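A structural walkthrough
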Amino acid sequence: RPRRPRWRKYTRCPFGVKVLPAWSSAISGEMCRMLRSFGFTRVTMMIDDMFIVETSHERCTAAMDTAEAIFAALGLTSAHEKREGPNEEQEFVGALITPDEAFISQERITEAADFLSATLVSQSVHFDEMRAWMGRLSWYSLIIRGARARMRHMWDWLNEHTRIHGEQGTMVPSIHAASDM
């Protein structure tokens, strides 16, 4: 019988599906920590997307190959056809990363603003749709100056709905939450 690696304990979620995003983030953090122990200096992950920065195309290709080999040794597979780069500019989870800056395109910002405006005009949004947008907006808020302060109110609104109604149904923005969007 083959030996079962210790990381296999992460294949079950004993606390239920509600905590899976946090669980996945914890695993992503551990994977980044492991890569740093192998000498990677600039690596980040966003759930199942990995972003590696190196000083040249050759070094980046080698780092990407090494990361895939390390994860393959752990029994994790990578969708090689989805691999992008190395590039001078790379889109990563909706942000365009260049050698000098990271930014969210005006198109994505407009799309988010249109969603929030439509939510306020209709005075309702389905819980699942709002939760999906909150993930995007949280990532955007790390890059867009001043956006993080507004996210707290939106998360509070989502959490309050969850506390009262569970993870379903239609949400109605309150005057306070709406004014902060």
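Residues numbered from 1 in each chain as written. Predicted model: local features only at pLDDT ≥ 70, side-chain atom pairs only at ≥ 80, totals over all residues. Heavy atoms only, no water.

1. Some words on the packing of helix α4 (residues 127–143) against helix α5 (residues 148–165)
Definition in use: Here the axes come from fitting lines to C-alpha atoms, over the contacting stretch only for helices, and the angles between their N-to-C directions go from 0 to 180 degrees. Runs of E in the DSSP output that reach at least two residues are strands. Runs of H or I that reach at least four are helices, and both are numbered from the N terminus. Orientation is classified from the angle alone, with under 35 degrees giving roughly parallel, over 145 giving roughly antiparallel, 65 to 115 giving roughly perpendicular, and any other angle giving oblique. Take the far helix as the reference: if the near one is turned anticlockwise from it by less than a right angle, the crossing is left-handed, and if turned clockwise, right-handed. Contacts: residue pairs with any heavy atoms within 4.5 Å of one another. Charged means Asp, Glu, Lys or Arg here, nonpolar means Ala, Val, Leu, Ile, Met, Phe, Trp, Tyr, Cys or Pro, and polar covers whatever is left, Gly included.
Across the interface, α4 lies against α5 with an axial gap of 10 Å and an inter-helix angle of 155°. Taken together, α4 and α5 sit at an angle that is classed as roughly antiparallel. Viewed along their axes, α4 and α5 form a crossing whose handedness is left-handed. Residues Phe127, Met130, Arg131, Met134, Leu137, Ser138, Ser141 and Leu142 of α4 form the contact with α5, whose participating residues are Arg148, Met151, Met154, Trp155, Trp157, Leu158, His161 and Thr162. Of the residues in the contact of α4 with α5, the class split is 10 nonpolar, four polar and two charged.

2. Considerations on the pattern of salt bridges
This is how the line gets drawn: One side-chain nitrogen of Lys or Arg within 4 Å of one carboxyl oxygen of Asp or Glu is enough to make a salt bridge. Here the term buried applies to any residue with accessible area under 20% of the maximum for its type, exposed to any over 50%, and partly exposed to those in between, with areas from a 1.4 Å probe on protein chains only.
Counted by the stated rule, this structure contains five salt bridges. Residue Arg59 pairs with Glu54 through a salt bridge whose shortest N-O separation is 3.2 Å. With a shortest N-O distance of 2.6 Å, Arg108 and Glu91 are connected by a salt bridge. Separated by 17 residues along the polypeptide, Arg108 in helix α3 (residues 106–122) and Glu91 in strand β3 (residues 90–92) bring together distant segments of the chain. Overall, Glu91 belongs to the partly exposed group, its relative accessible area being 44%.

3. Section: the sheet that holds strand β5 (residues 102–104)
For the record, the criterion: Strand pairing is assigned whenever DSSP detects at least two bridges linking the two strands.
If you trace the three strands from one edge of the open sheet to the other, you get β3-β4-β5, paired in antiparallel fashion. The outermost strands of the open sheet, each flanked by one partner alone, are β3 and β5. Ignoring which end each strand starts from, the neighbouring axes of this sheet average 30° apart. Summarising the sheet, β3 and strand β4 (residues 95–97) pair through three bridges and their orientation is antiparallel. The residue of β4 that forms the bridge with Phe92 is Ala95.

4. Section: a negative patch on the surface
What counts is decided by this rule: Candidate patch residues must exceed 30% relative accessible area and have no salt bridge, after which like charges are joined if within 9 Å and Val, Leu, Ile, Met, Phe, Trp or Tyr side chains if within 5 Å. Calculation of accessible area relied on Shrake-Rupley with a 1.4 Å probe; when residues are assessed, cover is drawn exclusively from the protein chains displayed. Counting rule for charge: Lys and Arg are taken as positive, Asp and Glu as negative, and neither His nor the chain ends is counted. The location of each charge is read from NZ of Lys, CZ of Arg, CG of Asp or CD of Glu.
Where like charges cluster on the molecular surface, the negative patch consists of Glu88, Glu89, Asp100 and Glu101. Considering the arrangement of structural elements, one finds Glu89 in the loop between α2 (57–73) and β3.

5. Observations regarding the nonpolar core
Keep this limit in mind: Nonpolar cores are built from buried Ala, Val, Leu, Ile, Met, Phe, Trp, Tyr and Cys residues. Side-chain atoms within 4.5 Å join them into one set.
Of all hydrophobic cores here, the largest spans 21 residues; its most connected members are Met130, Leu137, Met154 and Met171. Of the residues forming this core, the biggest block, seven residues, is contributed by α4. With residues near it in sequence (within four places) discarded, Met171 still touches Gln123, Ser124, Val125, Phe127, Met130, Trp157, Leu158 and His161. With 13 residues, the next largest nonpolar core counts Val43, Ala63, Met64 and Ile70 among its residues.

6. Brief notes about the environment of Phe115
Relative to the helices and strands, Phe115 is located in helix α3. With 15 residues separating them in the primary sequence, Phe115 and Met130 have C-alpha atoms 9.4 Å apart. When sequence neighbours within four positions are dropped, the list of residues in contact with Phe115 reads Val125, Glu129, Met130 and Trp133.

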